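Topology and contacts: notes
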Amino acid sequence: MASVAIFVFGIGNAPAIFMVVVALFFHMVLATVGQIDGVNRNLINVARTMGASKWQIYTRVIVPAILPGLLMVLRLNMFGAWMVVLVAESTGVGYGLGQVIMLARNTFNPSLVFFTIALIGLLGFCSDWLMRLLQRKILYWVPETTGVLRGL
Amino acid sequence: MVSKPFKPISSQDAVVCRNISKVWAEGTKRAHVALRDVDLDVTPGEFIVLLGPSGCGKSTLLYLIAGLERESGGEVWSFGDRVAGPSPERSLIFQETSLFPWLTVGQNASFGLSIRGESAGARRTAAREVLARVGLTEAIDKRPDELSGGMRQRVAVARALAMRPKVLLMDEPFAALDVQTRAKMQDFLLDVWRDSRASVLFVTHHIDEAVALADRVVVSRHVRAASRRSCRSIFPARAIRFPRKPNCCAGN
């Protein structure tokens, strides 16, 4: 896929963005459709008996109902996107942490390879932590997890 | 076949069902008949309990009257109008809690008003008023998951009452509650029904509940034929009237 992307878009950010979109778009769409299918029918029926329009049912019922699941999907996809970006960088972009790893590998510099790997891990963890904060801010109604699962 | 005597549909009747039938998954291999030739008349202010075994089409009938599903045959009328879709005049209350977890109790109670686009002040006043009627004024700013099962059902009733419905449809609303809470909720429901003057159609499979609540109990019979697919119910097989003693629940 990387070679196709470079062939079409040339060297630079475009092939990396293209790869992230291709890798995650369909997953996101299917996950969202799945979430919408899983919305409690009663909640929708309540809104219908109160005379809600289709648009109102979407904005007032379906969107808040799928939001917790959607943010979880978003967090999972952050991981995916991060990995795809690194793969793209190591082949086509010409710069970035992926490229640094490739460079270090080609110049027999294992300490730089492992340092970059650690850095990638740290950045991934931090972005997930930010997403978690965001999740807690937005989903004020979802009860905090208890005991062992606290913070997840 | 005995032809039924024709009874004109009056605009006075809260709900009139004429010969309605419902086939689920119509036109497919999995098609099965849930209701067949059902006639039911509900007068304004009447409390009717639909009693019958699980799967005999009681809930289906409520969904048809609420307008959430379309009948396969026959006609449903309400106050002189053909039922073509859901309407705030006919509120449905479900067995499981159906409160919106992201709204407070007060916002849940006034959800229907916010759909109509009423102002925040009007919604708050209305929420306080209906919550007072169900005895939950102090819970107005709580979240549904902070309430017990019985309280949540009371909020659901309040939410329905806020729309000033003429017909309250209740689909086994107390089935998930324990015995004591259920008994309390029955008294509570009779009080609410008495001051709202709405007709109530209440589905249950508990005979004691039916007897405790109803003006009239409609019993459905479940006919299971040789083939599972032709399992059907004949509704109503029997209607039992319960003269309500004037003081049976009023004033204590």
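Computed from a predicted structure; not experimentally measured.

Next up on the list: the overall build of chain B. Along the backbone of chain B there are 7 helices and 10 strands. Each of the 252 residues in chain B was classed as buried or not, and the buried ones make up 50%. In chain B, once contacts between residues fewer than 6 apart in sequence are set aside, the share between residues at least 24 apart is 68%. When the accessible surface of chain B is split by element, carbon and sulfur atoms take 52% of a total near 11,900 Å².

Below, the discussion takes up a nonpolar patch on the surface. A contiguous nonpolar patch, built from Ile17, Val21, Phe25, Phe26, Val29 and Val33 of chain A and spanning about 560 Å² of accessible area, is present on the exposed surface. In this structure, valine 33 of chain A sits in helix H2 (residues 13–37).

Residues and elements named next belong to chain B. Summed over the entire model, instances satisfying the criterion amount to 14 salt bridges over all chains. Put simply, glutamate 71 and arginine 70 hold a salt bridge, and the shortest N to O gap is 3.6 Å. On the basis of relative accessible area, glutamate 71 is assigned to the buried category, the value being 11%. In this structure, glutamate 129 engages arginine 133 in a salt bridge whose closest nitrogen and oxygen atoms are separated by 3.8 Å. A residue pair is termed a helical-turn pair when its members lie 3 or 4 positions apart in one helix, as glutamate 129 and arginine 133 do in helix H4 (residues 120–133) at 4 residues. You can call arginine 133 partly exposed: its relative accessible area is 30%. Taken together, the salt bridges that share partners define one network made up of Glu129, Arg133, Arg164 and Asp195.

Residues and elements named next belong to chain B. Of note, arginine 182 is situated in helix H6 (residues 179–196). One buried charged side chain, arginine 182, makes no salt bridge at all; its nearest oppositely charged neighbour is glutamate 209, positioned 4.1 Å away. A distance of 3.5 Å separates the side chain of arginine 182 from the backbone oxygen of phenylalanine 174, its partner in a polar contact.

Right, let's get into the pairing of strand E7 (residues 167–171) of chain B. Moving residue by residue along a regular strand, the side chains alternate between the two faces of the sheet. Residue and element names in this part refer to chain B. A large share of E7 lies buried, amounting to 5 of its 5 residues. The sheet contact formed by E7 and strand E8 (residues 199–204) spans 5 bridges and is parallel. Its bridge partner being in E8, leucine 169 is matched across the sheet by leucine 201.

Attention now goes to the pairing of strand E4 (residues 73–78) of chain B. All names here are of chain B. Bridge count for strand E1 (residues 15–24) against E4 is 4 bridges, and the pairing is antiparallel. Counterpart to cysteine 17 in the pairing with E4 is valine 76. Taking the residues that link successive antiparallel strands as the turn, the E4-strand E5 (residues 81–82) hairpin has 2 residues, and the phi of phenylalanine 79 there is positive, at about 50°.

Right, let's get into the packing of helix H1 (residues 2–9) of chain A against H2 of chain A. Two quantities define a packed helix pair, namely the angle between the axes and the distance from one axis to the other. Residues and elements named next belong to chain A. For the pair H1 and H2, the least separation of the axes is 9 Å and the interaxial angle reads 130°. Taken together, H1 and H2 sit at an angle that is classed as oblique. Seen along the crossing, H1 lies across H2 with a hand that is right-handed. Packed against H1, whose contacting residues are Ala2, Ala5, Ile6 and Phe9, the element H2 presents Ala14, Pro15, Phe18 and Met19 at the interface. For the contact of H1 with H2, the class distribution of residues is 8 nonpolar, no polar and no charged.

Each partner contributes residues to the interface: chain B has 25 residues there, and chain A has 19 residues. A combined buried area of about 2,000 Å² lies between chain B and chain A, and 65% of that area is made up of carbon and sulfur atoms. On the chain B side of the contact with chain A, Leu68, Trp102 and Ile115 of chain B bury the most area, a combined 34% of that side's loss. Linking chain B to chain A there are 0 salt bridges. For the side of chain B that touches chain A, the secondary-structure elements that each account for two or more residues are strand E6 (90–93), helix H3 (111–115) and helix H5 (149–161) of chain B. Per-element accounting of the side of chain B that touches chain A gives the leading share, 4 residues, to H3 of chain B.

A separate point is the packing of aromatic side chains. In total, this model carries 10 aromatic pairs over all chains according to the counting rule given. Residues phenylalanine 9 of chain A and phenylalanine 18 of chain A carry aromatic rings whose centres are separated by 5.0 Å and whose planes lie at 45° to one another, so their mutual orientation is tilted. Geometrically, the ring pair formed by phenylalanine 25 of chain A and phenylalanine 26 of chain A is edge-to-face, given 5.2 Å between the ring centres and 85° between the ring planes. You can call phenylalanine 25 of chain A partly exposed: its relative accessible area is 46%. Owing to a relative accessible area of 54%, phenylalanine 26 of chain A belongs among the exposed residues under this scheme. Through a chain of ring-to-ring contacts, three or more aromatic side chains come together here, namely Tyr140 and Trp141 of chain A together with Phe100, Trp102 and Phe111 of chain B. The ring of phenylalanine 79 of chain B has lysine 166 of chain B lying over it, and the distance from NZ or CZ to the ring centre is 5.0 Å. The ring of tryptophan 193 of chain B carries arginine 197 of chain B above its face, with NZ or CZ at 5.7 Å from the centroid.

This part covers the environment of arginine 182 of chain B. Residues and elements named next belong to chain B. On the accessibility criterion, arginine 182 (11% relative accessible area) is buried. Here the alpha-carbon distance between arginine 182 and glutamate 209, two residues 27 residues apart in the chain, equals 8.9 Å. What arginine 182 contacts, discounting residues up to four positions off in sequence, is Phe174, Leu177, His206 and Glu209.

All right, on to helix H1 (residues 58–66) of chain B then. In an α-helix, one full turn covers 3.6 residues, which means residues spaced three or four apart are oriented alike. H1 of chain B sits mainly inside the fold: 8 of its 9 residues count as buried. Trailing H1 of chain B by a residue or two, glycine 67 of chain B shows a phi angle of about 85°, which is positive.

Relative to the helices and strands, threonine 49 of chain A is located in helix H3 (residues 41–49). The class of threonine 49 of chain A is buried, set by a relative accessible area of 3%. Apart from the residues within four sequence positions on either side, threonine 49 of chain A is in contact with Leu68, Pro86, Ser87, Pro88, Arg90 and Leu92 of chain B.

Here is what the cut-offs are and how they apply
Residues numbered from 1 in each chain as written. Chains lettered and ligands numbered in written order. Predicted model: local features only at pLDDT ≥ 70, side-chain atom pairs only at ≥ 80, totals over all residues. Heavy atoms only, no water. Helix = DSSP H or I, 4+ residues; strand = E, 2+ residues; numbered from the N terminus. Buried < 20%, exposed > 50% of the residue type's maximum accessible area, 1.4 Å probe, protein only. Contact = heavy atoms within 4.5 Å. Areas by Shrake-Rupley, 256 points an atom, 1.4 Å probe, with all protein chains shown as cover. Patch = residues over 30% accessible without salt bridge, like charges linked within 9 Å, V, L, I, M, F, W, Y side chains within 5 Å. Salt bridge = Lys/Arg side-chain N within 4 Å of Asp/Glu carboxyl O. Lys, Arg positive; Asp, Glu negative; His and termini not counted. Polar contact = N/O pair within 3.5 Å; in protein donor to acceptor, adjacent residues only side chain to side chain. Pairing = 2+ DSSP bridges. Axes fitted to C-alpha atoms, helices over the stretch in contact; angles between N-to-C directions. Parallel < 35°, antiparallel > 145°, perpendicular 65-115°, else oblique. Left-handed = near helix turned anticlockwise from the far one by under 90°. Nonpolar A, V, L, I, M, F, W, Y, C, P; charged D, E, K, R; others polar. Buried area = accessible area lost by both parts, 1.4 Å probe. Phe/Tyr/Trp six-rings, centres within 6.5 Å; stacked < 30°, edge-to-face > 60°. Lys NZ or Arg CZ within 6 Å of the ring centre and 35° of its normal.

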